[in-house]
Amino acid sequence: MASKKVFIRGIGSYLPERVLTNRDLEAMVDTSDEWIVTRTGIRERHIAAEDEFTSDMATQAARRALGDAKMSPQEVDCILVCSVTFDMAFPATACIVQKNLEISTCPCMDIEAGCSALVYCMEVAAGLLQLGSYKNILVIASDKLTSITDWQDRSTCVLFGDGASAMVLSTDASGARAVLVDTLLRADGKGGDILFQPGGGSRHPASEETVKNRLHYLKMNGREVFKIAVRGMGISLKDILSRNQIELADVQHFIPHQANMRIIEAVAEASAIPVEKFIVILHRTGNMSAGSAGVAFDEAYRQGRFAQNDLLMFATFGGGMTFGTALVRWLI
Ligand code: UT7
């Protein structure tokens, strides 16, 4: 990472109020609490209200991160929002968040990199900050995954939930919670057809046909995603450690994408990492796509799980396929 340091000045997250349990799902599709818990570790997930959108959850998380940083929204000079469920194709959800926060004129943009997008946004924000044009960038990951969930498909609908997380990244060290050590991004477009939402874009614009064929819902080959995720996360975490000359044992906390406890256990086993080092919230939240890792980060921070000088590693994977790995040093 280039010379100018990038700090995390504020952290926040938001989960919608309504909780959907595995028992509730038993009444909706042919599944069981036992199957869902054994195969995924998920017990319940938060579901956004019908009139609560990705931008609303993003705004709530952003307000909490700004509160944590003791900053007013007017001090933000750029907003990045990542999601796979933006409010609409355009305008950018980041612009809607800007309006909600009553910030004027700062640049706003959306970034899509599946469930790895939080780390992608962190790298983009760090690059912009290091160019020197910005001082405080709001990085927000928010997903209303239940808006593209096929409630008739038991192989996917039991996995997902809604939620948002936010961070204020800054070149200003005052009150900083953590400093970014490094980020490592990867993608493999050959894996694009194992996790995707086919309908609604230029390839399959909305039509009676796309609705009839349920193309506006998320499609997934779970087994393939599982294998690629475990392999890819293992490679990325080794690579980021080796290029920073850091030993695995020197990392105190791993903050993984919250998709499946079995994926986390497989990564832990393959890399010989004690599973207790992984921050896990998926049993209460399900998979919130881009929002997942940041919510886990915020909750662990608020529970006081990080000590001064602890090294934290974000390890994410998502549709694309994409991988985002970040090292962060805790400062307080
Ligand atoms: O953000 C990234 C998103 N995606 C992921 O991370 C997903 C990664 N993959 C996974 O987490 C797992 O592959 C799943 C949890 C999706 C599935 O677990 P699995 O152990 O790979 O199960 P499977 O797909 O091989 O299915 C096993 C059986 C099948 O029945 P048969 O063919 O053996 O008779 C499925 O039909 O389980 C059945 N099944 C279910 N049964 C009860 C699939 N979904 C359900 C369900 N309830 N909800």
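Residues numbered from 1 in each chain as written. Predicted model: local features only at pLDDT ≥ 70, side-chain atom pairs only at ≥ 80, totals over all residues. Heavy atoms only, no water.

Caption draft 1: How the structure looks around helix α5 (residues 117–131). When the terminal C-alpha atoms of α5 are compared, their 21 Å separation across 15 residues agrees well with the 21 Å that a helix rising 1.5 Å per residue should span. Among the residues of α5, Ala 117, Leu 118, Val 119, Tyr 120, Cys 121, Met 122, Ala 125, Ala 126, Leu 128 and Leu 129 are the ones counted as buried. Just past α5, the residue Gly 132 takes up positive phi, approximately 95°. (Helix = DSSP H or I, 4+ residues; strand = E, 2+ residues; numbered from the N terminus. Expected span 1.5 Å × (residues − 1). Buried < 20%, exposed > 50% of the residue type's maximum accessible area, 1.4 Å probe, protein only.)

Caption draft 2: Focus on the side chain of Lys 144. Tracing the chain through its elements places Lys 144 in strand β6 (residues 136–144). In this structure Lys 144 is buried but unpaired, with Asp 162 as the nearest side chain of opposite charge at 6.0 Å. In this structure the side chain of Lys 144 is engaged in a polar contact, spanning 3.0 Å, whose partner is the backbone oxygen of Ala 49. Every residue in contact with Lys 144, bar those within four places of it in the chain, is listed here: Ala 48, Ala 49, Glu 50, Glu 52, Phe 53, Thr 54, Met 57, Thr 85 and Asp 162. (Lys, Arg positive; Asp, Glu negative; His and termini not counted. Salt bridge = Lys/Arg side-chain N within 4 Å of Asp/Glu carboxyl O. Polar contact = N/O pair within 3.5 Å; in protein donor to acceptor, adjacent residues only side chain to side chain. Contact = heavy atoms within 4.5 Å.)

Caption draft 3: Focus on the sheet that holds β6. Taken together, nine strands build an open sheet; the order of strands is β5-β4-β6-β7-β1-β8-β13-β12-β11 and the sheet is mixed. For this open sheet the edge positions go to β5 (108–111) and β11 (253–256), each flanked by a neighbour on one side alone. The sheet shows a mean angle of 25° between the axes of neighbouring strands, taken without regard to direction. Lying on the sheet, helix α4 (residues 93–100) is in contact with β4 (78–82), β5 and β6; it crosses β5 at an angle near 135°. (Pairing = 2+ DSSP bridges. Axes fitted to C-alpha atoms, helices over the stretch in contact; angles between N-to-C directions.)

Caption draft 4: Spotlight on the packing of helix α3 (residues 54–68) against α4. Between α3 and α4, the shortest axis-to-axis distance is 9 Å and the interhelical angle comes to 55°. On the basis of their axis angle, the class for α3 and α4 is oblique. Like other packed secondary-structure pairs, α3 and α4 cross with a definite hand, here right-handed. Two secondary-structure elements touch here, α3 through Thr 54, Ser 55, Asp 56, Ala 58, Thr 59 and Arg 63 and α4 through Thr 93, Ile 96, Val 97 and Asn 100. (Parallel < 35°, antiparallel > 145°, perpendicular 65-115°, else oblique. Left-handed = near helix turned anticlockwise from the far one by under 90°.)

Caption draft 5: Seen up close, helix α2 (residues 33–40). Inspection of α2 places Asp 33, Ile 36 and Thr 40 among the buried residues, and these make up the whole buried set. Taken down its axis, α2 places every buried residue within 80° of arc, on the same side. In this structure, the buried side of α2 is in contact with α1 (22–26), β3 (44–47), α9 (261–270) and α10 (282–285). Following α2 by one or two positions, Gly 41 has its phi on the positive side, about 90°. (Arc of directions from axis to C-beta.)

Caption draft 6: The arrangement of the site of the ligand in detail. Lining the immediate surroundings of the ligand are 23 residues, of which Thr 31, Arg 223, His 257, Asn 260 and Asn 287 lie closest. One of the side-chain N or O atoms of His 257 is found 2.8 Å from an oxygen atom in the ligand. Between Asn 287 and the ligand, the recorded distance is 2.8 Å, taken from a side-chain N or O atom to an oxygen atom. Here the ligand has 950 Å² of accessible area as a free molecule, and 75% of this is covered by the chains. Ranked by residue count, the leading element in the shell around the ligand is helix α8 (residues 222–243), at four residues. The residue makeup of the shell around the ligand, split by class, is 11 nonpolar, seven polar and five charged. Both domain 1 (6–177) and domain 2 (180–330) contribute no fewer than three residues apiece to the shell around the ligand. (Near = heavy atom within 4 Å. Areas by Shrake-Rupley, 256 points an atom, 1.4 Å probe, with all protein chains shown as cover. Nonpolar A, V, L, I, M, F, W, Y, C, P; charged D, E, K, R; others polar. Domains from an automatic or database assignment.)

Caption draft 7: Region of the structure containing the pattern of salt bridges. Tallied over the full model, the rule gives 13 salt bridges. Between Arg 23 and Asp 33 there is a salt bridge; the shortest N-O distance is 4.0 Å. Linking Arg 23 in helix α1 with Asp 33 in helix α2, this pair joins segments that are 10 residues apart in sequence. Residue class for Arg 23 comes out exposed when judged on its relative accessible area of 54%. Among the residues examined, Asp 33 registers a relative accessible area of 18% and is labelled buried. In this structure, Arg 154 engages Asp 30 in a salt bridge whose closest nitrogen and oxygen atoms are separated by 3.6 Å. Linking Arg 154 in helix α6 (residues 154–157) with Asp 30 in the loop between α1 and α2, this pair joins segments that are 124 residues apart in sequence. Residue Arg 154 is classed as partly exposed on the basis of its relative accessible area, which comes to 48%. On the basis of relative accessibility, which here comes to 62%, the residue Asp 30 falls in the exposed class. When salt bridges that share partners are traced, they join Arg 23, Glu 26 and Asp 33 into one network.

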